[in-house]
Amino acid sequence: MGKVMAVCISEKKGTQKVRVEEGHFIEEHGIEGDAHAGKWHRQVSLLSFDTIEDFKARGAQIGNGAFGENIIVQGIDLIHLPIGTRLTCGDILLEVTQIGKECHSHCEIYKKMGECIMPSNGIFTRVLHGGIMKEGDEITVCTGQES
């Protein structure tokens, strides 16, 4: 079981996301108001809180959403979840569709630090069932095909 440390969105692609009070997750779309929402396989991105903290310990001056992540999660080893794994948070059901991604144009973090953790440590999901998520909520990995 994990904990939601932050929910972030951005209005335009290629920009850092900003923390929001709560995210409204829409089935087969993503988070309301987020530039990456839509009918595709990378509707919502997740990044590990511990990975971000390790990066900060190396001198990165960053805030939540700096890597373009929608959800910051503590307590789940995200990068080792197989594709098809389902995560639940309240009424929300997410399905892992991709692990990591190619970084086509280096982000601001990469330009400052010489690396970015999202391509190797981020995971992407699609929304199978919507609902509301906020900081402090519990998020769990489904053990079976519970839906």
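Values in this document were obtained by computation on a predicted structure and should not be read as measured data.

Participant: Lay out helix H1 (residues 49–57) in plain terms, naming residues and giving numbers.
Facilitator: Listed as buried for H1 are Thr51, Ile52 and Phe55. Here the buried residues of H1 occupy an arc of 100° about the axis, which is enough to place them on one side. Across from the buried face of H1, at angles greater than 90 degrees, the exposed residues are Asp54 and Ala57. Where H1 starts, the residue carrying a side-chain oxygen 3.2 Å from the main-chain nitrogen of Asp50 turns out to be Ser48. Gly59 sits one or two residues past H1 and shows a positive phi near 110°.

Participant: Break down the pattern of salt bridges for me, citing the residues and quoting the values.
Facilitator: One pass over the full model with this rule turns up seven salt bridges. The partner of Lys134 in a salt bridge is Asp137, with the nearest N and O atoms 3.9 Å apart. Since its relative accessible area comes to 39%, Lys134 is described here as partly exposed. Residue class for Asp137 comes out buried when judged on its relative accessible area of 19%.

Criteria and cut-off values
- Residues numbered from 1 in each chain as written.
- Predicted model: local features only at pLDDT ≥ 70, side-chain atom pairs only at ≥ 80, totals over all residues.
- Heavy atoms only, no water.
- Buried < 20%, exposed > 50% of the residue type's maximum accessible area, 1.4 Å probe, protein only.
- Helix = DSSP H or I, 4+ residues; strand = E, 2+ residues; numbered from the N terminus.
- Arc of directions from axis to C-beta.
- Polar contact = N/O pair within 3.5 Å; in protein donor to acceptor, adjacent residues only side chain to side chain.
- Salt bridge = Lys/Arg side-chain N within 4 Å of Asp/Glu carboxyl O.

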